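A structural walkthrough
One-letter residues, chain by chain:
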Amino acid sequence: MARISVLRYSCNGFSCFAISRSGSAITIRYYSSSQSNTSISSAKDKFENVKCLDDAVSLFRRMVRTQPLPSVFSFSKLLKTMVNMKHYSAVVSLFRQMLKLGIPISDSILNIAINSYCLMHCSDCGISVLAIYLKSGIPFDVITFSTLLRGLFAENKIKDAVNLFKKLVRENICEPNEVMYLTVMNGLSKMGHIQKTFDLLRVMEQGSIKPDTPIYNIVIHALCKDRMIDAAISLLNEMKQNGIPPDIVTYNSLIDGLCKFGQWEKVRNLFLEMVNLNIYPDVFTFNIVIDGLCKEGKVEDAEEVVRHMIGKGVEPNVVTYSVIVDGYCLRGQMDRARRIFDSMIDKSIEPNIFSYNILINGYCKKKKLDEAMHLFHDISRNGLKPCIVTYNTILQCLFEVGRTDIVQKFFADMLSTGLRPDLCTNRILLRGYFHNGLVEKAMLLFHELEKEREDIDIEFYTVIIDGLCKNGQFDKAYAIFEKLSLIGLFPNVITYTTIINGLCLKGLLDEAKDMLRKMEHNGCLPNNCTYNVIVQGYLKCGKISEMNTFLKEMSGRDFSFDAATVELLIDVLAKDPSLLNMIPQFHSGS
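These numbers were taken from a predicted model, which means no experiment stands behind them.

Enumeration over the complete set of coordinates arrives at 26 salt bridges. Between Lys-367 and Glu-400 there is a salt bridge, with its nearest N and O atoms 3.8 Å apart. Of this pair, Lys-367 sits in the loop between helix H20 (353–365) and helix H21 (369–381) while Glu-400 is found in helix H22 (residues 388–400), placing the two residues 33 residues apart along the sequence. Overlapping salt bridges bring together Arg-427, Arg-431, Asp-457 and Glu-459 as one network.

Here is the structure:
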């Protein structure tokens, strides 16, 4: 005879049963959530003592041995505590143990399990938990599906997320609320699906759940990010007409969009509008404006904004000063940049790793390696850790100043910190080796990475092709170019331009012309750089009359000569001024 275990428990005042079968006898176990004030106080103390994963696991083991078992709420609270501690895999492990032991579960526990799976980027496992809802007779709720949708978007499974959302609505499985709409629209907008985000807003407006300020903010932010600033402002006006009040987030998105277009008068008007609505700019608002000014080289104006914000009682933060530092770095004024960096420290605002990266990058751009390295060593002395961006910046500078002797040691130091080279690191190493004539080292690294098949894309191969061409190994470069389609990669405009440049360097102008036509035939349109490369090839070979076809095509596409082409053209004409008659009137971009 099969043994049946009937598990009875109390959940939110209702008696519930969990039944399992094993052995040859019937066992009835009672689970109660009713506790005395003493036991409730004791449970509270136990949760407060959970400071790490070991504490949580130990408490769980004590709980499962307790008779009667603690309430479902207690198990739920323990799992929530572990989620807050970011021990997602441990939460899933304990959840599985609960199922194995026949411990009663609730909708809250199932939602915690799904959330943990999603936070581990295992949304498929999260979806599998839905079967437990059906078996246990626990109804799905909006939290369940909002969590799954968020997980799918986090894993870039856009199609799956959209299909799930449509299924929920079409089959009336779960009526979306504001949070679910927010989740879907946020996921779509972050992945660049602006039109779908906007369309969903219109769907909401026709339904029972009306869009509120956070919903409009997502769409406005998406439009601004996509440089559709006029549409974003129209949506702001629509919000106000519908009685939906904009907030600081709304205005920050719009101000950011306007700053990117340099529309400073409109920025000023939005500031005035905010204040009239009793919405006062915060440090984030001011930082947006300061960053916009610095990007345009108006660092003095940015510093004036800093003085203004201080006058309004808004204190600058580390981002404010870092942006100013970046502004001076962009202008190559490293002394001023360093003064601002030091003044931040004087004001007891601790620089973060991004602040250091900005200043280090500024020094590297000016080839001031010693200053960059000194600052690099300051990072650890001040209790911070260099990140991959820090190492990448200095590695690139080491190659640019020809210090290949210490590249390997610096790279080894990076690895010893536990940092793993990213795609950018590998490109820097390859470009650096090629630039310094270390072709064998570059190719050794290339073959290692190709064997691992990690972080390899068309740009990676373009770096190899370019490096080989510039080091006189065109045949190897062309062989790699030819095999791209065999490994499932397709040349982009940069790849084609690179191989055309290689053909021109070899004096193979007819082949370069054929490649130009081939790229167009393959749906990859040449750009201004492509034409300049091929024109330079014809100029170097002295075939002036033969390049007229390309000049006419450039003119028709509104392309222009770059500085390198102009310089080469001047040199050619200086040697033989009569060649000027062979060149049709053309415009320069310099």
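We are not done yet, so read on.
This brings us to the state of the cysteines. Under the counting rule described, the total for this entry stands at 0 disulfides. Free cysteine: Cys-118, not disulfide-bonded; nearest cysteine sulfur from Cys-122 at 8.9 Å. Unpaired in this structure, Cys-364 has its nearest cysteine sulfur neighbour in Cys-397, at a distance of 3.7 Å.

On to helix H4 (residues 88–101). With 14 residues, H4 should reach 20 Å at 1.5 Å per residue; the first-to-last C-alpha distance of 20 Å fits that figure. Those residues of H4 lying buried are Tyr-88, Ala-90, Val-91, Val-92, Leu-94, Phe-95 and Met-98.

Our next topic: unusual backbone geometry. For the peptide bond that leads from Gln-67 to Pro-68, omega is -10°, which places it in the cis range. Turning to its location among the elements, Pro-68 is positioned in the loop between helix H2 (53–65) and helix H3 (72–84). The phi torsion at His-121 lies on the positive side, around 60°, for a residue other than glycine. In this structure, Asn-156 takes a positive phi of about 65° despite not being glycine. Looking at the element boundaries, Asn-156 is found in the loop between helix H8 (142–154) and helix H9 (158–170).

Moving on to the packing of helix H30 (residues 528–540) against helix H32 (residues 563–575). At a closest axis distance of 10 Å, the pairing of H30 and H32 adopts a crossing angle of 15°. In terms of axis orientation, H30 runs roughly parallel to H32. Note that H30 runs across H32; the crossing there is left-handed. From H30, Asn-532, Val-535, Gln-536, Leu-539 and Lys-540 reach across to H32, where they touch Ala-564, Thr-565, Leu-568, Leu-569 and Val-572. In terms of residue class, the contact of H30 with H32 is built from 6 nonpolar, 3 polar and 1 charged.

Here Asn-287 is to be found in helix H16 (residues 283–295). Once residues within four sequence positions are removed from consideration, Asn-287 is found in contact with Asn-317, Val-319 and Thr-320.

For the rest of this paragraph, the subject is the packing of H3 against H4. Running from N to C, H3 and H4 point in directions that differ by 160°, and their axes come no closer than 8 Å. When the interaxial angle is binned, H3 and H4 end up roughly antiparallel. Read as a crossing pair, H3 and H4 show a hand that is right-handed. For the pair H3 and H4, the contacting residues are Phe-75, Leu-79, Met-82 and Val-83 in the first and Tyr-88, Ala-90, Val-91, Leu-94 and Met-98 in the second. By residue class, the composition of the contact of H3 with H4 is 9 nonpolar, no polar and no charged.

Of the voids in this model, the second largest pocket is the one considered here, and its volume is about 410 Å³. When residues of the lining of the second largest pocket are traced back to their parent elements, those giving at least two are H22, helix H24 (423–435), helix H26 (458–470) and helix H28 (493–505). Top element by residues in the lining of the second largest pocket is H26. It accounts for 6 residues. Grouping the amino acids of the lining of the second largest pocket by side-chain chemistry returns 5 nonpolar, 9 polar and 5 charged.

What follows concerns H26. With 13 residues, H26 should reach 18 Å at 1.5 Å per residue; the first-to-last C-alpha distance of 18 Å fits that figure. With respect to burial, H26 is a largely interior element, 10 of its 13 residues being buried. Within H26, burial applies to Ile-458, Phe-460, Tyr-461, Thr-462, Val-463, Ile-464, Ile-465, Gly-467, Leu-468 and Cys-469. Buried residues belonging to H26 abut H24, helix H25 (439–452), helix H27 (474–483) and H28.

What follows concerns the packing of aromatic side chains. A full pass over the atoms with the stated rule returns 18 aromatic pairs. Measuring from ring centre to ring centre gives 6.0 Å for Phe-60 and Phe-75, while their planes differ by 75°; the resulting arrangement is edge-to-face. Here Phe-60 is found in helix H2, whereas its partner Phe-75 is found in helix H3, with 15 residues between them in sequence. The burial state of Phe-60 is the same as that of Phe-75; both residues are buried. With centroids separated by 5.8 Å and ring planes inclined at 70°, the aromatic side chains of Phe-481 and Tyr-496 adopt a geometry described as edge-to-face. Here Phe-481 is found in helix H27, whereas its partner Tyr-496 is found in helix H28, with 15 residues between them in sequence. Like Tyr-496, Phe-481 is buried. One aromatic cluster is present, formed by Phe-474, Tyr-478, Phe-481 and Tyr-496 through successive ring pairs. For Arg-227, the ring lying beneath its charged end belongs to Phe-261, and the centroid distance is 4.4 Å.

About the thresholds
Residues numbered from 1 in each chain as written. Predicted model: local features only at pLDDT ≥ 70, side-chain atom pairs only at ≥ 80, totals over all residues. Heavy atoms only, no water. Salt bridge = Lys/Arg side-chain N within 4 Å of Asp/Glu carboxyl O. Helix = DSSP H or I, 4+ residues; strand = E, 2+ residues; numbered from the N terminus. Disulfide = S-S within 2.5 Å. Expected span 1.5 Å × (residues − 1). Buried < 20%, exposed > 50% of the residue type's maximum accessible area, 1.4 Å probe, protein only. Axes fitted to C-alpha atoms, helices over the stretch in contact; angles between N-to-C directions. Parallel < 35°, antiparallel > 145°, perpendicular 65-115°, else oblique. Left-handed = near helix turned anticlockwise from the far one by under 90°. Contact = heavy atoms within 4.5 Å. Nonpolar A, V, L, I, M, F, W, Y, C, P; charged D, E, K, R; others polar. 1 Å grid on protein atoms, 1.4 Å probe; cavity = no way out; pocket = protein on both sides within 12 Å on 5 of 7 lines; lining within 4 Å. Points joined across faces, edges and corners; volume = space filled by probe spheres on them. Phe/Tyr/Trp six-rings, centres within 6.5 Å; stacked < 30°, edge-to-face > 60°. Lys NZ or Arg CZ within 6 Å of the ring centre and 35° of its normal.

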